Each structure stands twice: as C-alpha cells, then as structure tokens.
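Residue strings, one per chain:
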Amino acid sequence: MRHRNVINVNIYGVEVSVFHQSQDALLVMGYNLNFCHSGQYSMPKGLNADICIIDIAALNECSHIFQQADIPYLVSGITVSNESELPLEALKNSVGFINGAPSVSDIGINLSLGLLWHEEREKYSQRAQDINKKINNNRTNGVAIGMLMQQSGLPEQDVMTCLKSISRDKRRRMVDVSMDIIDNARLLGKADLTTFAQLKDFLASLISSRSYA
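These lines cover the structure that appears in this document, whether it is placed above or below. Note that this is a predicted model, so its numbers are computed, not measured.

### Regarding the packing of helix α5 (residues 156-170) against helix α8 (residues 196-206)
The geometry of α5 relative to α8 is characterised by a closest axis approach of 10 Å and an angle of 35° between their N-to-C directions. Viewed along their axes, α5 and α8 form a crossing whose handedness is right-handed. Contact residues: α5 offers Asp158, Val159, Thr161, Cys162, Leu163, Ser165, Ile166, Asp169 and Lys170, while α8 offers Phe196, Leu199, Lys200, Leu203 and Ala204. A class-by-class count of the residues in the contact of α5 with α8 yields 8 nonpolar, 2 polar and 4 charged.

Shown next, in the form of structure tokens:
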C-alpha cells in the first residue's frame, strides 16, 4: 500500500456507495478518499484536498470549491435532462466528469486525467500571464523612450542605450526605470536634454538605486 505521495480526494454529495466500495483499492493506487456529506461541505480541518469530486446536485452548495482555481474538481452524476438547468460555469471549469456507476479503474483514470488537465491548465495560465506581463513591460518602456526622445531630440537607439546603462548602474529593471521616468514627467518636461551626456546625467540623478533593505 502506498503511504507516500498520497493524493487527497474530497467527495461532496455524490451517491457514495460505489466510492466506499472502491476506497481501499483507490488508496492502494494512491488516492485517499474523504467523504463530506450534506451540510458538511466545508473543507475538513487540517486537510488540503488535491482534487474534489462533486455531485452535480451539490454544485451550488460547493460553490466555494470551484471558485478556488487552485483546487481542481470532477463532476459526478450527470443526470439532469434539461440542459438549461445545468450550472454551465461550474461545468466549464471542471476537469472531467464521472458518469453512471464507475469502476475502480474508471475512477482512478478520471482522477489521474483530471489532475493532468489541471496541471496543463495552470501552465497555460502562467504562460498567458507571462506574455501579458511582457507586453505591458514593453508598452511601459516604449512610453518612457518616446517621452525621452521628445524631450531630448535624441534618436531611439541613443535613448535605449542610455536607459540600459542606467538600469545596469542602478541595478534596477528597465521597466522600473521607465515607470520612474513616467511618474516624473513634470521634472522631465523642465530638463534641458540635448546631448547624450545630459540625458544620462539627468537619469542618474532621477533614478534611485535598488534597495536591499
């Protein structure tokens, strides 16, 4: 029997007989089932579920679970015949469905695939966040460069070289240097910047060094 790397599975509101019968076999496979009955749908104290199985009839009572993006869940007992009555948002965000009376193998496969799907979804979400962050950083740098070019009359390459130099000297990310420039637009508007040296001196006095406190 596996005792390490056990995956905790919380079960909410489903017809539990088949799961009770499969409990020992699933534990051998590495899945520890925890049964939460009607009126007890809060997370058990001291137990962090890795994945949940929620009956479709209990989705409203378990909304706190599927609103937490870090806890994947499977939906069980798809018996509602009128499609308009289905909680579509909850179904869309689930990582799978368990229909009918599943065997031990069916449950294990659904749990394994659900966890894999959740992991891939998390990776995709992180990649999307990283791309958005890069786009926003590039936009901020572009605004700062445009402001410096307008004030100094220097070409873009000279302004870029100056920004990179200040970023290295001050040990600050270039986007943070750019934000400081944008935040100090009033001071920039009063500065006499017609040469590369003047621009560098101005930025050196404007941009503070990185703090290690």
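From this point, the discussion proceeds with the structure in view.
### Considering α5
An ideal rise of 1.5 Å per residue puts 21 Å on 15 residues; α5 measures up with 21 Å between its terminal C-alpha atoms. Considered for burial, the residues of α5 that qualify are Val159, Cys162, Leu163, Ser165, Ile166, Ser167 and Lys170. Buried residues belonging to α5 abut α4 (104-152), α6 (174-183) and α8. In the segment just after α5, Arg171 is the residue with positive phi, at about 55°.

### Regarding unusual backbone geometry
Positive phi values are uncommon outside glycine, yet Arg171 reaches one of about 55°. Among the structural elements, Arg171 can be located in the loop between α5 and α6.

### What about the sheet that holds strand β4 (residues 73-76)?
Judged by pairing direction, the sheet is parallel, and its 5 strands sit side by side in the order β2-β1-β3-β4-β5 without closing on themselves. Strands with a single pairing partner mark the edges of an open sheet, and in this sheet they are β2 (31-36) and β5 (97-98). Here helix α1 (residues 17-28) sits on the sheet and contacts β1 (7-12), β2, β3 (51-55) and β4; the angle it forms with β2, its principal contact strand, is near 150°.

### Considerations on the packing of α5 against α6
Put simply, α5 and α6 touch, their axes get as near as 9 Å, and they point 110° apart. Put simply, α5 runs roughly perpendicular to α6. Taking contact as the criterion, the partners of Met160, Leu163, Lys164, Ile166 and Ser167 in α5 are, on α6, Met174, Val177, Ser178 and Ile181. Among the residues forming the contact of α5 with α6, the class breakdown is 6 nonpolar, 2 polar and 1 charged.

Conventions used here
Residues numbered from 1 in each chain as written. Predicted model: local features only at pLDDT ≥ 70, side-chain atom pairs only at ≥ 80, totals over all residues. Heavy atoms only, no water. Axes fitted to C-alpha atoms, helices over the stretch in contact; angles between N-to-C directions. Helix = DSSP H or I, 4+ residues; strand = E, 2+ residues; numbered from the N terminus. Left-handed = near helix turned anticlockwise from the far one by under 90°. Contact = heavy atoms within 4.5 Å. Nonpolar A, V, L, I, M, F, W, Y, C, P; charged D, E, K, R; others polar. Expected span 1.5 Å × (residues − 1). Buried < 20%, exposed > 50% of the residue type's maximum accessible area, 1.4 Å probe, protein only. Pairing = 2+ DSSP bridges. Parallel < 35°, antiparallel > 145°, perpendicular 65-115°, else oblique.

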